[in-house]
Amino acid sequence: MKFILSSVASCSNRIGYIKDIERLPGLMLETPMLLLYAKEYFTFCSIHDPAVATPYGFNDKNTISIWPRNGRKQLDPDKYMDMIEAFQPDMYQALCDGDTDLKSSKKRIHKSIDKSLMFFEKCLERHEKSEVLKKSAILGVVEGGYSIEGREKSAKYLADFPVFGYVIDGLHKNGPDVENLTFEDVREILEESLKHLPNEKFRILHGCWNPGTVLSMVELGIDAFDSSYPYTVTERGGALIFQNCINNLNIPSSATDALNAAEPVTDIELKPETSISAQSSSEPPEKKKISTQEASHAEEDKYVVSKTQGHTTESQSSRLNKIYELSLLDEKYAEDFTPLSRSCSCLTCQKHTRAYIHHLLQTHELLGPVLLTIHNLHHYMEFFKSIREAIKSNSLESLKRCVNERNDVS
């Protein structure tokens, strides 16, 4: 497996390509990218599910706790690598202790770093000796919580090892609360982590960050994000409606001129096709004009303390939700016979209405979350396609402005 960058610069946005995947020899993926989990896609193995909050305080000196459906399990490096050899993923991260966040003590952070580096050495040694993992890529994991010194220590140590790339970890404990973290909360830590790592290596950041924050992280040089954000929106009955298409941007004339003068760039990303059939008795969307004002979900927002920004308030968090999504649980959509987004080409928007999905959610029908998943993943994948196009056309700032406007693309 190879990772090739079109340009190499520290803490800046970049276009890259992942190619020569042993299991999928014809697949070439373009970055920045969204990590998906499908058989037509390369497989990546992480320690925890980023969409679910990880219980804290359960790691001990020699093991990491994971939480499958049947309860807590403890893994040491040998057990973990046994699992990796059984799964044989295309890419995986080394075992690590990422049990840190904004409130973690210095002692907890130091333990996290030391244990993660020890685990990394053992995983890398096993990786290099393994016959079945010769074609798999291993990633080092940068820890350090919100300590500048800790990030420097972890990143500098990992920088000299022969790994495919790095995971920036230890910023949060996963789950929906990650949405409440702002870019300013993590900017300094990300910059400190990235500046000590080789610029040409692949970089992943876990967590359900909102689209505006994702764009800022792309500007720093993050190459891949997991798909926990659209999943989390679906879980609370939401539909993504933020402006995600490069074709809708009001690009300044200077950027437009640059785009017209540039040579055309071929989008070489090959995406997995989604084949989902769903029968419905609903009629095609009616043409009547109905208000599409977004509603925030009713789940209680939580405060997150930041050393750099202060805190994200409840009203700020609610405003972000109103910008990016609408809640199909709201009664005002009971008679709204328009699609989730008029400009969306996904199966859900082409075949079903807001009123029908609202009905499915209210009656707890499984089809409701299925239809929302189809739309939200499609919408978010198109968002990442727009990010790549914006980088190529030097219009990422215009995309950021449009994404953060309270404007339904429908």
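How each quantity is defined
- Residues numbered from 1 in each chain as written.
- Predicted model: local features only at pLDDT ≥ 70, side-chain atom pairs only at ≥ 80, totals over all residues.
- Heavy atoms only, no water.
- Phe/Tyr/Trp six-rings, centres within 6.5 Å; stacked < 30°, edge-to-face > 60°.
- Buried < 20%, exposed > 50% of the residue type's maximum accessible area, 1.4 Å probe, protein only.
- Lys NZ or Arg CZ within 6 Å of the ring centre and 35° of its normal.
- Pairing = 2+ DSSP bridges.
- Helix = DSSP H or I, 4+ residues; strand = E, 2+ residues; numbered from the N terminus.
- Axes fitted to C-alpha atoms, helices over the stretch in contact; angles between N-to-C directions.
- Salt bridge = Lys/Arg side-chain N within 4 Å of Asp/Glu carboxyl O.
- pLDDT = per-residue confidence, 0-100.
- Contact = heavy atoms within 4.5 Å.
- Arc of directions from axis to C-beta.
- Parallel < 35°, antiparallel > 145°, perpendicular 65-115°, else oblique.
- Nonpolar A, V, L, I, M, F, W, Y, C, P; charged D, E, K, R; others polar.
- Core = buried A, V, L, I, M, F, W, Y, C linked by side-chain atoms within 4.5 Å.
- Left-handed = near helix turned anticlockwise from the far one by under 90°.

### A look at the packing of aromatic side chains
So, step 1. Evaluated as defined, the whole model comprises 14 aromatic pairs.
So, step 2. Where F58 meets W67, the ring centres are 4.9 Å apart and the plane angle is 80 degrees; that geometry is what we call edge-to-face.
So, step 3. With 5.3 Å between their ring centres and 45 degrees between their planes, Y157 and F161 make a pair best called tilted.
So, step 4. Looking at Y157, the relative accessible area reads 29%, which means it is partly exposed.
So, step 5. A relative accessible area of 24% means that F161 is categorised as partly exposed.
So, step 6. By the ring-pair criterion, three or more aromatic residues cluster together here, those being F225, Y229, F242, Y324, Y380, F383 and F384.
So, step 7. When the ring centre of Y56 is taken as reference, the NZ or CZ atom of K173 above it lies at 4.0 Å.

### A closer look at the sheet that holds strand β4 (residues 33-34)
So, step 1. Across the sheet, seven strands lie side by side as β4-β12-β11-β10-β9-β8-β5; this open sheet has parallel pairing. This sheet does not close on itself; its edge strands, each paired only once, are β4 and β5 (44-45).
So, step 2. Where strand β11 (residues 202-205) lies against strand β12 (residues 224-225), two bridges are found, and the strand directions are parallel. Within the sheet, the bridge partner assigned to L205 lies in β12 and is F225.

### Topic: the sheet that holds strand β2 (residues 16-19)
So, step 1. The strand order across the open sheet formed by three strands is β1-β2-β3, and the pairing between neighbours is antiparallel. At either end of the open sheet lies a strand with only one pairing partner, and these are β1 (2-5) and β3 (29-31). Adjacent strand axes in the sheet meet at a mean angle of 25 degrees, parallel and antiparallel pairs treated alike.
So, step 2. Judged from the four bridges that link them, β1 and β2 form a sheet pairing that is antiparallel. Directly across from F3, in β2, lies its bridge partner I18.

### Quick word on the environment of K111
So, step 1. As for its position among the elements, K111 is in helix α2 (residues 106-129).
So, step 2. On the basis of relative accessibility, which here comes to 47%, the residue K111 falls in the partly exposed class.
So, step 3. Note: C-alpha distance between K111 and D97 (14 residues apart in sequence) is 8.4 Å.

### Quick look at the pattern of salt bridges
So, step 1. In total, this model carries 24 salt bridges according to the counting rule given.
So, step 2. Measuring nitrogen to oxygen at the nearest pair gives 3.3 Å for the salt bridge that ties E85 to R126. Taken together, the residues span a long stretch of sequence, with E85 in helix α1 (residues 77-87) and R126 in helix α2 at a distance of 41 residues.
So, step 3. On the accessibility criterion, R126 (22% relative accessible area) is partly exposed.
So, step 4. Put simply, D78, D82, E85 and R126 are held in one network by salt bridges that share partners.

### A word on the confidence of the model for the protein
So, step 1. With 80% of its residues at a pLDDT of 70 or more, the protein shows a mean pLDDT of 83.
So, step 2. In the predicted structure, residues 248-319 sits below a pLDDT of 50 and forms 140 contacts with residues beyond four places in sequence or in another chain.

### Structural notes on the pairing of β2
Successive residues of a regular strand alternate their side chains across the two faces of the sheet.
So, step 1. Strand direction decides the pairing type here: β2 and β3, joined by three bridges, are antiparallel. Considered in β3, the bridge of Y17 is made with E30.

### Regarding helix α3 (residues 148-158)
So, step 1. Buried within α3 we find G150, R151, S154, A155 and L158. The buried residues of α3 occupy an angular sector of 120 degrees when the element is viewed end-on, so they sit on one face.
So, step 2. The elements touched by buried residues of α3 are α2, β9 (137-142), β10 (165-168) and α4 (183-195).

### With respect to the side chain of T100
So, step 1. You can see T100 is positioned in the loop between β8 (91-93) and α2.
So, step 2. T100 sits in the buried class, given a relative accessible area of 0%.
So, step 3. Non-local contacts of T100, meaning those with residues more than four positions away in its chain, are made with R108, I109, S112, G145, G170, L171, H172 and K173.

### Some thoughts on the packing of α2 against α3
So, step 1. The N-to-C vectors of α2 and α3 enclose an angle of 10 degrees; their axes lie 11 Å apart at closest approach. Relative to α3, the element α2 lies roughly parallel. Contact with α2, carried on its side by I113, D114, L117, F120 and E121, involves G150, K153, S154, Y157 and L158 of α3 and no other residues of that element.
So, step 2. Class assignment for the residues of the contact of α2 with α3 results in five nonpolar, two polar and three charged.

### Quick look at the nonpolar core
So, step 1. One finds F42, W209 and I387 to be the most contacted residues of the largest nonpolar core, which totals 89 residues.
So, step 2. If sequence neighbours within four positions are ignored, F42 has contacts with I18, I21, R23, L24, L27, L29, M33, L35, L36, D90 and M91.
So, step 3. By size, the runner-up hydrophobic cluster in this structure holds 17 residues, among which are L326, L328, C349 and L360.

### So, unusual backbone geometry
So, step 1. Cis geometry is adopted by the peptide bond preceding P32, which originates at T31 and carries an omega value of 5 degrees.
So, step 2. Within the secondary structure, P32 is located in the loop between β3 and β4.
So, step 3. Phi is positive for H364, which is not a glycine, with a value near 60 degrees.
So, step 4. Here H364 shows up in the loop between α10 (354-362) and α11 (367-392).

### Let's talk about the packing of α4 against helix α5 (residues 211-220)
So, step 1. Axis separation between α4 and α5 bottoms out at 11 Å; the angle between their running directions is 20 degrees. Accordingly, the angle class assigned to the pair α4 and α5 is roughly parallel. For the element pair α4 and α5, the recorded crossing hand is right-handed. Facing F183, V186, R187, L190, E191 and L194 of α4, the residues of α5 in contact are T213, S216, M217 and L220.
So, step 2. Tallied by class, residues from the contact of α4 with α5 come to six nonpolar, two polar and two charged.

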